[in-house]
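This is what each chain is made of:
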Amino acid sequence: MSRDVTLLWGLRSPCAFACPHCYFGTIDEHKAAPPNQIGVLSHLSRTDLPAQAIEDFVRTLPDSPVERVVIAGGEPLDWPGALEVIALIKQAGCQVVIATNGIPLTRPHVVERLVGLGVDGVSVSLDSADASTNDRLRPSRSGRFGYDQVLEGIEALLRARGTGPVPRVGIYTVVMRPRPQEITGMARLAADLGVDYYVPQPISLAPGHALFEELAHRPEDVAAVADELDRLYAEPAGLALPDTSYARRFVEAISTHDSGHVPGCFGGARLFFIQPDGSVWDCPSDRRIAATPPEARRTIRGADARTLFADRPACTDCDLFSRDCVNMWPLMDLPRMLNGEATQ
Ligand SMILES: C[S@@+](CC[C@H](N)C(=O)[O-])C[C@H]1O[C@@H](n2cnc3c(N)ncnc32)[C@H](O)[C@@H]1O
């Protein structure tokens, strides 16, 4: 069976950070009113799958169409079961990339294990090259962790890798309307740290979100972002970046809030999104999840990856474009970025 499926798997819901713009919402908001709509994520969720159900599914990955698993959350590496799950996914012959807030990388046994397991990529989130700005945008819940520990974690992972080929180490940065300059500022920091790949991604907020007015891009912001992206791609400073079509998609995405037609989308064809409760969706877009009819809902609980992803279209035509779509493109471009191939 040919392997061409990427899974974006939100493995666990909790996180030690309380980023106010997070896809998982905020704890304060959810303490007052726990969300109960289908597909809505929460750091306070009580429905994360038990370890056994996760492992049962993962043991069906060999001989399935799943080629790559991108593990996110919540914070996956704070969960004690994560390293065992990662080991099983690697044993299944899949590529594994982990999205982390970076703090678990300050624990020596975690980095040693990630290197030992041959994890292919570790994407670390950092939203500003300036320490205090980053810690305001990405506050930890305890107030004890932030920029300094994230850099410490990245450096520890690079040291543990040594001259070995993996994991490739990347930085992911959420670009917000007041700070287009982070696009090139973070590239300089990433290059100084010796990081391998870098993905600036536009903030994606629903128009009703409390921070929408402050952080979501408006038409008048587009020129400054486009200029920064031009400068980044002109001088990538040795970093692997998403392919150049990404810069155009980024700019197009922040130019509109309208839903649009996405011809030949890979969501539901070569990309699937798994929620911490095991629900499987074509992609993480809230528009696409809301539009999924009840009879098309699926779960990994008790499922076999060999049959779950067997019957799928070559691509899907989608009329539900959202700003979040652009954040899926780098996932499909991961093999090239992890190979360190030049950006073209
Ligand atoms: C939800 S986090 C989960 C993994 C891990 N805890 C971390 O901090 O990277 C995955 C990525 O989504 C980004 N992200 C969260 N909310 C976002 C939003 N509203 N728009 C764009 N990216 C967002 C984060 O910054 C991070 O890079």
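Residues numbered from 1 in each chain as written. Predicted model: local features only at pLDDT ≥ 70, side-chain atom pairs only at ≥ 80, totals over all residues. Heavy atoms only, no water.

Student: I'm lost on the site of the ligand in this one. Help?
Tutor: Neighbouring residues of the ligand: 19 residues in total, closest H21, G74, S125, R138 and S204. Contact between the ligand and G74: a nitrogen atom at 2.9 Å from a main-chain N or O atom of the residue. Between Q201 and the ligand, the recorded distance is 3.2 Å, taken from a side-chain N or O atom to a nitrogen atom. Summarising the interface, the protein chains cover 93% of the accessible area of the ligand, which totals 540 Å² for the free molecule. At the level of elements, β3 (95-100), β5 (168-175) and β6 (197-202) are the ones that each hand at least two residues to the shell around the ligand. (Near = heavy atom within 4 Å. Polar contact = N/O pair within 3.5 Å; in protein donor to acceptor, adjacent residues only side chain to side chain. Areas by Shrake-Rupley, 256 points an atom, 1.4 Å probe, with all protein chains shown as cover. Helix = DSSP H or I, 4+ residues; strand = E, 2+ residues; numbered from the N terminus.)

Student: Would you explain the environment of A305 in this entry?
Tutor: Within the element layout of this structure, A305 appears in helix α12 (residues 305-308). Considering only alpha carbons, one finds A305 and P242, 63 residues apart in sequence, at a separation of 28 Å. Look past the residues within four positions of A305 in its chain and what remains in contact with it is F57, T60, L61, S64 and P65. (Contact = heavy atoms within 4.5 Å.)

Student: How should I be thinking about the state of the cysteines in this particular structure?
Tutor: Every disulfide links exactly two cysteines, by a covalent bond between their sulfur atoms. With the rule as written, the count across this model stands at 0 disulfides. For C283, which is in no disulfide, the shortest distance to another cysteine sulfur is to C325 and amounts to 6.0 Å. (Disulfide = S-S within 2.5 Å.)

Student: Honestly, the side chain of S140 in this entry has me stumped. Any pointers?
Tutor: Here S140 lies in the loop between α5 (131-137) and α6 (147-161). Accessibility expressed as a relative area gives 9% for S140, which makes it buried. A distance of 3.4 Å separates the side chain of S140 from the backbone nitrogen of R144, its partner in a polar contact. When sequence neighbours within four positions are dropped, the list of residues in contact with S140 reads A16, F17 and F145. (Buried < 20%, exposed > 50% of the residue type's maximum accessible area, 1.4 Å probe, protein only.)

Student: Hey, could you run me through the pairing of strand β2 (residues 66-73) in this one?
Tutor: Successive side chains on a regular strand alternate, one facing one side of the sheet and the next facing the other. Within β2, 6 of the 8 residues are buried, which leaves the element mostly enclosed by the surrounding structure. Sheet topology note: the β2/β3 ladder contains 4 bridges and is parallel. Its bridge partner being in β3, V70 is matched across the sheet by V97. Viewed along the sheet, the connection from β2 through helix α3 (residues 82-91) into β3 turns out right-handed. (Pairing = 2+ DSSP bridges. Right-handed = clockwise from strand over helix to strand, strands pointing away.)

Student: Sorry if this is basic, but what is going on with the pairing of β6 here?
Tutor: Most of β6 sits inside the fold, with 6 of its 6 residues counted as buried. Relative to β6, β5 runs parallel, the two sharing 6 bridges. Following the sheet pairing, Y172 is matched in β6 by V199.

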